[in-house]
Amino acid sequence: MTDKSTERRSSIFVNVFVWGYALIALLPLGMMVLNSFRTTADLYTKPLGLPWPPHLEAYVTAWTDVSFSTFFLNSVIVTLGSVFLTSLVSLPAAYALSRWKFRGAAAIEALFIAGLMIPVLLTVLPVFQLIDGLGLLDSRIALILLYAAGGIPFSIFVLSAFFRQLPVELEEAAEIDGAGRLRTFFSVMMPLVAPAIATVVIFRFVPVWNEFLFPLVLLRSEEKYTLPVGLTRFFGEYSTNWAPLFAALVISTVPLLLVFVFATKYFIRGLTAGMGK
């Protein structure tokens, strides 16, 4: 009886702690959404007031007057392009390194993993010189290639671990059925590592979508800015247009929430795969 009561008290404590932490973590997000339906003047006079009556002018201003729609489109192009290119390169590379036996495979994989150990800030100057030398300065293509290359080490690390967990009998059965290596890869192996692909997509989508440093360094034209750099348009020398800024932050957050909502099932499976036999 004592063990059950102790277990119940522990469960209640854990639930209260988790829900309390969730409320504290969501409080800034809730304030951001509420303040996006207010006016800047109202925010200055009543910083903690409620949006009543709600106003949509901030969203109109953010989307049209400040060219936020252009920044949003640029972020979509750069993020989707880099994530797609990372997956396109990492999937076959991870499959080959984890399933094929050839001389130098361990050294090549170690070289990829070494890319995880390089601090990003140390690469700013050489990356700038490389992009400038290629004539890609002030282009979205440069960001796509840069982010894709930066995501390959982590993606290969995750995908290789998943491919190694798959039994060899799957490939042997596919070979008996007459499938070649490419057919086996696309029809048998890739569907089985869908959780790993979802994990890679989420872990690459979020940092690329929020990345500020390289767009600031590599882009010169305002019409090519991504969302993080475009948000600086709301900050003036002496004042800040707070209501459109909050609206722009809400718009920037929606794609991240959608990615998590649609990929959560595969994401959790990806994080927990291999924890038990």
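Position numbers for residues start from 1 in each chain and track the written sequence from start to end. This being a predicted model, a pLDDT of at least 70 is required before a residue's local features are given, and a value of 80 or more before pairs of side-chain atoms are given or counted; all residues contribute to the totals for chains, interfaces and linings. Excluding hydrogens and water, the side-chain figures rest on all heavy atoms present in the structure.

A. Summary view of the environment of Phe212. A run of H or I in DSSP becomes a helix once it reaches four residues, and a run of E becomes a strand once it reaches two; helices and strands are each numbered from the N terminus. Within the secondary structure, Phe212 is located in the loop between helix H10 (194-210) and helix H11 (213-218). Burial status follows relative accessibility: with a 1.4 Å probe on protein chains alone, a residue under 20% of its type maximum counts as buried, one over 50% as exposed, and anything between as partly exposed. Residue class for Phe212 comes out partly exposed when judged on its relative accessible area of 34%. Separated by 57 residues in sequence, Phe212 and Ser155 have C-alpha atoms that sit 21 Å apart.

B. The packing of helix H7 (residues 140-165) against H10, seen in detail. Every axis corresponds to a line fitted to the C-alpha atoms, with the helix fit spanning only the stretch in contact, and the corresponding angles, defined between N-to-C directions, vary from 0 to 180 degrees. Where H7 contacts H10, the two axes come as close as 10 Å, and the packing angle between them is 155°. Of the possible angle classes, the one that applies to H7 and H10 is roughly antiparallel. The handedness of the crossing between H7 and H10 comes out as right-handed. Contacts between H7 and H10 involve Tyr147, Gly150, Gly151, Phe154, Ser155, Val158, Leu159 and Phe162 on the former and, on the latter, Pro195, Ala196, Ile197, Val200, Phe203, Arg204 and Val208. Split into classes, the residues belonging to the contact of H7 with H10 amount to eleven nonpolar, three polar and one charged. For this classification, under 35 degrees means roughly parallel, over 145 means roughly antiparallel, 65 to 115 means roughly perpendicular, and everything else is oblique. The crossing is said to be left-handed when, going from far helix to near helix, the turn is anticlockwise and less than a right angle, and right-handed when the turn is clockwise. Contacts between residues were defined by any pair of non-hydrogen atoms, one from each residue, lying within 4.5 Å. Note on residue categories: nonpolar means Ala, Val, Leu, Ile, Met, Phe, Trp, Tyr, Cys or Pro, charged means Asp, Glu, Lys or Arg, and polar means any other residue, Gly included.

C. Representation of the packing of aromatic side chains in the model. Pairing of aromatic rings covers Phe, Tyr and Trp, the last counted by its six-membered ring, and requires centre-to-centre distances within 6.5 Å; plane angles under 30 degrees mean stacked, over 60 mean edge-to-face, and any other angle means tilted. Throughout the structure, instances matching the rule amount to twelve aromatic pairs. Ring geometry for Phe37 against Tyr59: centres 5.4 Å apart, planes inclined by 45°, an arrangement best described as tilted. Pair noted here: Phe37 is in the loop between helix H1 (2-35) and helix H2 (40-45) and Tyr59 is in helix H3 (residues 57-65), with a separation of 22 residues, a long-range link. With centroids separated by 6.4 Å and ring planes inclined at 85°, the aromatic side chains of Phe68 and Phe71 adopt a geometry described as edge-to-face. Taken together, the residues Phe68 and Phe71, both in helix H4 (residues 68-99) and three residues apart, mark about one turn of the helix.

D. View of helix H9 (residues 181-192). Given a helix with a known number of residues, its expected span is that number minus one, times 1.5 Å. For H9, built from twelve residues, the straight-helix expectation of 16 Å at 1.5 Å per residue is met to within 8% by its first-to-last C-alpha distance of 16 Å. Restricting attention to buried positions, one finds in H9 the residues Thr184, Phe185 and Met189. All buried residues of H9 lie within an arc of 95° about the axis, which places them on one face of the element. Of the exposed residues in H9, the ones pointing more than 90 degrees away from its buried face are Leu182, Arg183 and Phe186. In the core, the buried residues of H9 are packed alongside H4, H7 and helix H8 (168-176). Note that the arc is computed from the directions linking the helix axis to the C-beta atoms.

E. Seen up close, the nonpolar core. By nonpolar core is meant a set of buried Ala, Val, Leu, Ile, Met, Phe, Trp, Tyr and Cys residues that side-chain atoms within 4.5 Å join together. Phe68, Leu143, Phe214, Leu218 and Phe234 are the most contacted members of the largest nonpolar core, which has 41 residues in total. For this core, the elements supplying multiple residues, two or more each, are H3, H4, helix H6 (124-133), H7, H10, H11, helix H12 (227-230) and helix H13 (242-272). At ten residues, H13 tops the list of elements feeding residues into this core. Apart from the residues lying within four places of it in its own chain, the contact partners of Phe68 are Ala62, Trp63, Leu227, Leu231, Phe234, Ala248, Ile251 and Ser252.

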